[in-house]
Amino acid sequence: MTELIYMFSYQFMLRAFVIGGLVSLCAALLGVTLVLKHYSMIGDGLSHVGFGALSVAMVMNMAPLVIAVPVVIFAAFFLLRISESTKLKGDAAIGLISSSAIAIGVTVTSLSGGMNSDVYSYMFGSILSMNERDVILSVGLSIAVLFVFIFCYHTIFAITFDEGFAKANGTKTGVYNVLLAILTAVTIVVGMRIMGTMLISGLIIFPALSSMRLFQNFKSVIISSVVLSLCCFFAGMVLSYLFALPTGASIVLANLFVFLCMACLGKCLGVE
């Protein structure tokens, strides 16, 4: 308990908990819809795009988040468009964009002098890399994501379970799919500071999959995902601090442990 109290005396830890808590909340809400729509790997693809954008921004001595946000949003929109209008579907489109972005990022990093601490922190996460400007921008973007999701909750529910029926009822499903991709893109970029580009997709996928081991109602899965995501984030942060472990990896491992426990519990209770 003394160690936990001492942990919160550090300014950088408070910043990490504020941003990480908001990102975990956003990721849990969006993750349920993305998993149910079989589009969960969009987070992984967009995180790779984020890495490419951040690499270019750092070489040009520009603010990384200011550059990464619009680039990743454009990539999310482009990803949906090529998936819907061409023969390049789902996982193939994600693979194309993510591998290209990683190649660009690695090439730019290599030409600029190789891997440095800033690039490494974006790849694997670092709670020490966040400054005051990052906190303000991250909090503002996260609150915007939460507000839009809550405001559009019923429509998102409709397009998640029966997009064809929602479209027949006059819902502009294309617009809301793009909106969902944009919200995911913003969450990915904000979360890359703590989780890193290599691990941020785990924050989207794990809470939803864990909740679905026990619950089948959409609202119950949403609530469970939020609770599990926040708990796993807190546990991962504490483990990272106490045992000097990488932050992003600790959070993902906490989520993995919870997923295995929920899967076992669901099997024991006969939940299908």
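Computed from a prediction, not measured in an experiment: that's the story for all the values here.

J.: When you look at the confidence of the model for the protein in this model, what are you seeing that I'm missing?
T.: Detail in the predicted coordinates should be disregarded across regions flagged by low pLDDT. On average, residues of the protein score 82 in pLDDT, and 89% of them reach the 70 mark or higher. Here helix α6 (residues 117-124) is the element of the protein with the lowest mean pLDDT, 63, and helix α12 (residues 218-243) is the one with the highest, 92.

J.: In this structure, what is going on with the state of the cysteines? I would like to understand it.
T.: This model, assessed by the stated rule, comprises zero disulfides. The closest cysteine sulfur to the non-disulfide-bonded cysteine 232 is located on cysteine 231, 6.9 Å from its own sulfur.

J.: I keep staring at the packing of helix α7 (residues 132-151) against helix α10 (residues 173-195) and nothing clicks. Help me out?
T.: For any two helices packed against each other, one specifies the crossing angle of their axes together with the interaxial distance. Relative to each other, α7 and α10 sit at 150°, their axes nearing to 10 Å. Our classification of the angle between α7 and α10 gives roughly antiparallel. For the element pair α7 and α10, the recorded crossing hand is left-handed. Listed contacts from α10 to Asp134, Ser138, Leu141, Ser142, Val145, Val148 and Phe149 of α7 are Leu179, Leu183, Val186, Thr187, Val190 and Arg193. Residue composition of the contact of α7 with α10, grouped by class: eight nonpolar, three polar and two charged.

J.: What am I meant to see in the packing of aromatic side chains here?
T.: How two aromatic rings sit relative to each other is set out by the distance from centre to centre and by the angle between their planes. By the definition in use, this model includes nine aromatic pairs. Ring geometry for phenylalanine 149 and tyrosine 153: centres 6.4 Å apart, planes at 65°, overall edge-to-face. By relative accessible area, phenylalanine 149 is classed as buried at 3%. Taken together, a centroid distance of 5.1 Å and an interplanar angle of 50° make the contact between phenylalanine 157 and phenylalanine 161 tilted. Taken together, the positions of phenylalanine 157 and phenylalanine 161, both in helix α8 (residues 153-161) and four residues apart, correspond to about one turn of that helix. Relative accessible area serves as the criterion here: at 36%, phenylalanine 157 is assigned to the partly exposed category. The structure contains a cluster of three or more aromatic residues connected by ring pairs, namely Phe149, Tyr153, Phe157, Phe161 and Phe218.

Basis of the calculations
- Residues numbered from 1 in each chain as written.
- Predicted model: local features only at pLDDT ≥ 70, side-chain atom pairs only at ≥ 80, totals over all residues.
- Heavy atoms only, no water.
- pLDDT = per-residue confidence, 0-100.
- Helix = DSSP H or I, 4+ residues; strand = E, 2+ residues; numbered from the N terminus.
- Disulfide = S-S within 2.5 Å.
- Axes fitted to C-alpha atoms, helices over the stretch in contact; angles between N-to-C directions.
- Parallel < 35°, antiparallel > 145°, perpendicular 65-115°, else oblique.
- Left-handed = near helix turned anticlockwise from the far one by under 90°.
- Contact = heavy atoms within 4.5 Å.
- Nonpolar A, V, L, I, M, F, W, Y, C, P; charged D, E, K, R; others polar.
- Phe/Tyr/Trp six-rings, centres within 6.5 Å; stacked < 30°, edge-to-face > 60°.
- Buried < 20%, exposed > 50% of the residue type's maximum accessible area, 1.4 Å probe, protein only.

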